[in-house]
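Notes for the structure review
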Amino acid sequence: MRIAMIGSGYVGLVSGACFAQFGHDVFCVDKDADKIARLRRGEIPIYEPGLDRLVADNVRAGRLEFGTSLADAVGNADAVFIAVGTPTRRGDGYADLTYVYAAAAEIAKAITGYTVVVTKSTVPVGTGREVARIIREAQPSGQFDVASNPEFLREGAAIEDFMKPDRVVIGVESERARDVMAAIYRPLNLIQTPMVFTNIETAEITKYAGNAFLATKITFINEIADLCEKVGADVHDVARGIGLDGRIGRKFLHPGPGFGGSCFPKDTLAFAHTGREVGAAQTIVEQVIEVNNARKKKMARKVIDFCGGSVAGLTVGVLGLTFKPNTDDMRDAPSLDIVPALQAAGAKIVAFDPEGMTEAAKLLSGVTFAKTAYEAATQADVLVVITEWHEFRGLDPRRIKEAMRQPRIVDLRNIFDPEEMRGLGFSYEGVGRPRPR
Ligand code: NAD
């Protein structure tokens, strides 16, 4: 199969490289000439474990190429995937579909023979049909079908997720398009990955429903964590106690500072907007958004309270800035709420993140970036863990304690053992865990 990938960001690049690994010929396009130039030089513009090797192998095998010209990619393609961004539209919370529709208009000009135009971007219900309308209007004789193939990969584990997904969801409305999509995903079919073929609207909603459910699960356990703190219970035991029930499941029951990232915040907002627009309000999702936003703001307060009501003049060491580990993605990261709120309360911030500091420097001002976690702890009056990078779990608490001005830790990801930390002389606060009486 010949595949064109429009947009070579987190999703487009990973999907393109994985499709090439399946054995297809993939042409990844991006309008960002700098990104394409870097990819052509063999540089990977994002941090995603394993991606450098996968891209290099497939470029060497002649199955993966990069360019800025959409026409070059689309001309002979059996399928054209749209993997451009769908950020939140300013003002109303709806998904900004400008990039998707612009890509559709460009694709329309480039189509030569039959092709399936697939939205891989997360798009509100009705977008696939609008993409079809745009292409038909620009090219009334163009031979094409549209399809929806939402992507469920997680940053940080993207390749594994793409190569071994729990399922593939494909919305189509013709046998011909279904056959093309089945041929593209044949390697996954061979390893018995469930394929959910459905109509386009259903596929579009499935992606949002999945993310809304996961966001709800996180928000649910976060509120349980608040309750645990008030009554001396341990949220981890509660999570385990309920998660072992097969109907609930153990994943996404880890408490923290509130969800962030490139997907959950914008997708819950867009989904809630769709619900209101069609007269089927998603009240649970609306509530989740509100509770989560409040939570991110509350986290700075938690640090301030822990420091006795003020952080004015204090140095706060911050461990982790990205919205989760194993990525350099800073979009809607909780740190973007917590750090400025602490600065506004008079704190000086010294932060370390293994991969996110370049991006973070564009979004946070007045922060001193440290070269190591220990450096961030040096002379700090309190250390705040915001992202649960694996390397933080392996830090030597004694060395941290020696480096700090005052041995105090607010662990918003519960990566340390409270008893051990207190035993070592730290004043320690986690999320949803009993405090010493
Ligand atoms: P991204 O911003 O990393 O990448 C989008 C890329 O598209 C950019 O490089 C941009 O330059 C390019 N682009 C925009 N318009 C273009 C055009 N007309 N022609 C060529 N290139 C164009 O975004 P992303 O994180 O990859 O997300 C893409 C979509 O996938 C979004 O809808 C997102 O919600 C969805 N998604 C993301 C994830 C994730 O973890 N990042 C997971 C599942 C789904």
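Residues numbered from 1 in each chain as written. Predicted model: local features only at pLDDT ≥ 70, side-chain atom pairs only at ≥ 80, totals over all residues.

Further remarks concern the site of the ligand. Neighbouring residues of the ligand: 28 residues in total, closest G7, G9, V11, S121 and T122. The element that contributes the greatest number of residues to the shell around the ligand is helix α5 (residues 98-110), accounting for four residues. Its residues assigned to classes, the shell around the ligand shows twelve nonpolar, nine polar and seven charged. (Near = placed C-beta within 6 Å. Helix = DSSP H or I, 4+ residues; strand = E, 2+ residues; numbered from the N terminus. Nonpolar A, V, L, I, M, F, W, Y, C, P; charged D, E, K, R; others polar.)

Bringing the UniProt feature "binding site: NAD(+)" (unreviewed entry) in the protein into the picture now. When the UniProt feature table is mapped onto this chain numbering, "binding site: NAD(+)" (unreviewed entry) sits at D30, K35, T86, T122, E155, K266 and R331. The named residues occupy 302 residues along the chain; their greatest pairwise C-alpha distance, 24.1 Å, places them well apart from one another. Among the secondary structure elements, T122 is positioned in the loop between β5 (115-119) and α6 (127-138). T122 gets classed as buried once you count the C-beta atoms within 10 Å, which come to 25. Other than its neighbours up to four places away in sequence, T122 contacts T86, P150, K207, C263 and D267. Tracing the chain through its elements places K266 in helix α12 (residues 264-278). (UniProt positions renumbered as here; feature names shortened; annotations may be inferred. Buried ≥ 20, exposed ≤ 12 C-beta atoms within 10 Å, placed from the backbone. Contact = placed C-beta atoms within 7 Å.)

What follows is about the sheet that holds strand β11 (residues 368-369). Here we have six strands laid out as an open sheet, ordered β11-β10-β9-β12-β13-β14, and parallel in their pairing. Of all the strands in the sheet, the pair left with one neighbour each is β11 and β14 (427-429). Pairing between strand β12 (residues 382-385) and strand β13 (residues 408-411): three bridges, direction parallel. Bridging across to β13, V385 finds its partner in D411. (Pairing = 2+ DSSP bridges.)

Attention now goes to the packing of α12 against helix α13 (residues 283-306). Any two packed helices are characterised by the angle at which their axes cross and by the distance between the axes. It is at 9 Å that the axes of α12 and α13 come closest, and there the two elements cross at 145°. In the packing of α12 onto α13, the handedness of the crossing is left-handed. When α12 is examined against α13, the residues T268, L269, F271 and A272 are found in contact with a partner set consisting of V285, E286, V288 and I289. Its residues assigned to classes, the contact of α12 with α13 comprises six nonpolar, one polar and one charged. (Axes fitted to C-alpha atoms, helices over the stretch in contact; angles between N-to-C directions. Left-handed = near helix turned anticlockwise from the far one by under 90°.)

Positive phi outside glycine occurs at Q192, with the angle close to 65°. Phi at Q379 is positive, roughly 65°, even though this residue is not glycine. When you line up the elements, Q379 lands in the loop between α16 (373-377) and β12. Q379 sits in the partly exposed class, given 13 other C-beta atoms within 10 Å.

Here we take up α5. The end-to-end C-alpha distance of α5, which contains 13 residues, comes to 19 Å, matching closely the 18 Å that a straight helix rising 1.5 Å per residue would cover. Listed in full, the buried residues belonging to α5 are V100, A103, A104, I107, A108 and A110. Along α5, the residues classed as buried sweep out an arc of 165° about the axis, all on the same side. Buried positions along α5 lie against β1 (2-6), α4 (70-74), β4 (79-82), β5 and α6. (Expected span 1.5 Å × (residues − 1). Arc of directions from axis to C-beta.)

Here we take up helix α11 (residues 235-243). If you check which residues of α11 are buried, you get V235, H236 and A239. With its buried residues spanning 105° around the axis, α11 presents them on a single face. Across α11 from its buried face, at more than 90 degrees, point the exposed residues R240 and G241. Where α11 is buried, its residues meet α10 (200-231).

Take the UniProt feature "domain: UDP-glucose/GDP-mannose dehydrogenase C-terminal" (unreviewed entry) in the protein next. UniProt feature "domain: UDP-glucose/GDP-mannose dehydrogenase C-terminal" (unreviewed entry): in the numbering of this structure it lies at residues 317-418. End-to-end, the C-alpha atoms of residues 317-418 are 19 Å apart, and along that stretch the chain is 33% helix and 18% strand.

By convention, interface size is frequently given as the accessible area that disappears when the constituent parts associate. The domain boundaries assigned to the protein delineate domain 1 (2-198) and domain 2 (216-429). Distance from the C-alpha centre of domain 1 to the C-alpha centre of domain 2: 33 Å. Domain 1 puts 14 residues into the contact, and the matching count from domain 2 is 15 residues. Classifying every residue of the side of domain 1 that touches domain 2 gives eight nonpolar, four polar and two charged. (Domains from an automatic or database assignment.)

A separate point is the nonpolar core. If you look at the biggest cluster of nonpolar residues, it comprises 74 residues, and the most contacted ones within it are A4, M5, I6, V80, F81 and I107. A total of eight residues in this core trace back to one element, the largest contributor, which is helix α1 (residues 10-22). Setting aside chain neighbours within four positions, we find A4 in contact with F27, V29, A73, V74, A77, V80 and F81. If you look at the next biggest cluster of nonpolar residues, it comprises 53 residues, including C228, F323, I349 and A351. (Core = buried A, V, L, I, M, F, W, Y, C linked by C-beta atoms within 7 Å.)

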